[in-house]
Amino acid sequence: MRPREDGTEGGLGQGSARGAAALMLLLPATMFHLLLVARSGPARLLGPPPYLPGLEELWSPRSLLLWFAWLGLQAALYLLPAHKVAEGQELKDKSRLQYPINGFQALVLTALLLGLGVLAGLPLGALPEMLLPLAFAATLIAFIFSLLLYLKSQVAPASALAPGGNSGNPIYDFFVGRELNPRIHFLDFKYFCELRPGLIGWVLINLALLMQEAELRGSPSLAMWLVNGFQLLYVGDALWYEEAVLTTMDITHDGFGFMLVFGDLAWVPFTYSLQAQFLLHHPQALGLPMASAICLINAVGYYIFRGANSQKNTFRKNPSDPRVADLKTISTATGRQLLVSGWWGMVRHPNYLGDLIMALAWSLPCGASHLLPYFYLLYFTALLVHREARDERQCLQKYGLAWREYCQCVPYRIVPYIY
């Protein structure tokens, strides 16, 4: 539920309709649980929520209107002229779709528009009080949008369907998505949702929480600044290297159904902002020495993450590039080469290692008194382990003996000498 450069969001594979139905209930329930306990005094991750909100607290026409306005704004920015248009992977019918590379441009323009709005009196600091109805509106939109996508897939040609979303079970197919690249003209729904409304919305919610903290306490805390800065860097990186998402399994393999729709539009902005939500209601004193250590941890994680992904992308584009030409490789039956030195000779998924180190750095500013801010780290660890296992199966199927040889050369999966 967070698009990054070499993986998928995980799924049920050949799982049952009952599993899909359970996740369609469990994921929204978990999101609302986190929203409720983050603002409560005890802030217990594993305890019951402080109360169950009624429909009058969740349903808000204003929040629904704000969501449609946000989606409309991001869609308009998506359709603006891009400095580059990239081609996707070859499809079953041998065609290649085109994608605008203007996500970072959308982030900058959104920031400029919000800045002008705040100067004109836009009450951005009031947004945190609307998180519950906004999350409810996002969930409602996710269900309706997923239903429309499912209906659209019924008239799509067989060549347009995703490999795993055409099981014949409507509940399972609704969840994982039947159509691989649903689009209307140039607007590709999956590509648009992967990196635009949810990720930029996550930054917006963080900023609103920072502004409300400044209103309540006179200035944002150092801990709040760190969380905002770290996560802004992460989102900015994803949008700056937007083209890399075109080679991920989210785009090339997975259908676009409720799993990704809810993840992109609801789960990402409302659960990934959990640390900032916690800090607003549970301020933490953070000294400069500890803040410096946390910054160093985040920097190490980002260095590994970006170095590994950049090395892989450079090699994919041009194996003769001087930056990667000296790396050792293993030839595969498909004609591709597997890197067995550099970052990819350290562990099989060095970018996952960097991701986890950064996740730890995002949680540390929240102190050690509560488990709640570490939910993202715990959830993301489980997600990456599951994703890595899925990657292993698919790479073994694709590369065969060459993959077995690679695993012998690089025995550790994510964490050196541990896993």
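Everything numeric here is computed off the predicted structure, so don't read it as measured data. (Residues numbered from 1 in each chain as written. Predicted model: local features only at pLDDT ≥ 70, side-chain atom pairs only at ≥ 80, totals over all residues. Heavy atoms only, no water.)

K.L.:
Help me understand the packing of aromatic side chains in this model?
P.N.:
Two numbers describe a pair of aromatic rings. These are the distance of the centres and the angle of the planes. Applying the stated criterion to the full structure yields 26 aromatic pairs. Arranged with centres 4.4 Å apart and planes meeting at 35°, the rings of phenylalanine 143 and phenylalanine 258 form a pair that is tilted. Linking phenylalanine 143 in helix 5 (residues 131-153) with phenylalanine 258 in helix 11 (residues 258-271), this pair joins segments that are 115 residues apart in sequence. Since its relative accessible area comes to 0%, phenylalanine 258 is described here as buried. Taken together, the ring pairs in this structure connect Trp202, Tyr234, Trp267, Tyr272, Phe305, Trp362, Phe375, Tyr376, Tyr379 and Phe380 into an aromatic cluster. Over the face of the ring belonging to tyrosine 99 we find arginine 183, whose NZ or CZ atom lies 5.2 Å from the ring centre. Stacked on the ring of tyrosine 241, the Lys or Arg arginine 306 has its end atom at 3.7 Å from the ring centre. (Phe/Tyr/Trp six-rings, centres within 6.5 Å; stacked < 30°, edge-to-face > 60°. Helix = DSSP H or I, 4+ residues; strand = E, 2+ residues; numbered from the N terminus. Buried < 20%, exposed > 50% of the residue type's maximum accessible area, 1.4 Å probe, protein only. Lys NZ or Arg CZ within 6 Å of the ring centre and 35° of its normal.)

K.L.:
Just to check I follow, could you spell out the confidence of the model for the protein for this structure?
P.N.:
The share of residues in the protein with pLDDT of 70 or more is 96%, and the mean pLDDT across the chain is 89. Predicted confidence is poor over residues 2-15, with pLDDT under 50, and the contacts of this stretch with residues over four places away or in other chains come to 68 contacts. (pLDDT = per-residue confidence, 0-100. Contact = heavy atoms within 4.5 Å.)

K.L.:
Even after reading the chapter, I still don't get the packing of helix 3 (residues 61-78) against helix 8 (residues 197-217), so can you show me in this structure?
P.N.:
A pair of packed helices can be characterised by two numbers: the angle between their axes and the separation between those axes. Closest axis-to-axis distance for the helix 3/helix 8 pair is 10 Å, and the angle between their directions is 115°. In terms of crossing hand, the pair formed by helix 3 and helix 8 is right-handed. Listed contacts from helix 8 to Trp70, Leu71 and Gln74 of helix 3 are Pro197, Ile200, Gly201 and Leu204. (Axes fitted to C-alpha atoms, helices over the stretch in contact; angles between N-to-C directions. Left-handed = near helix turned anticlockwise from the far one by under 90°.)

K.L.:
When you look at the environment of proline 170 in this model, what are you seeing that I'm missing?
P.N.:
Here proline 170 shows up in helix 6 (residues 170-176). Take proline 170: its relative accessible area is 45%, and that puts it in the partly exposed class. The spatial distance from the C-alpha of proline 170 to the C-alpha of alanine 17 is 8.1 Å, given a sequence separation of 153 residues.

K.L.:
Is there a simple way to explain the side chain of asparagine 298 in this structure?
P.N.:
Along the chain, the position of asparagine 298 falls in helix 13 (residues 288-317). For asparagine 298, a relative accessible area of 4% translates into the label buried. If sequence neighbours within four positions are ignored, asparagine 298 has contacts with Phe230, Leu233, Met358, Ala361 and Trp362.

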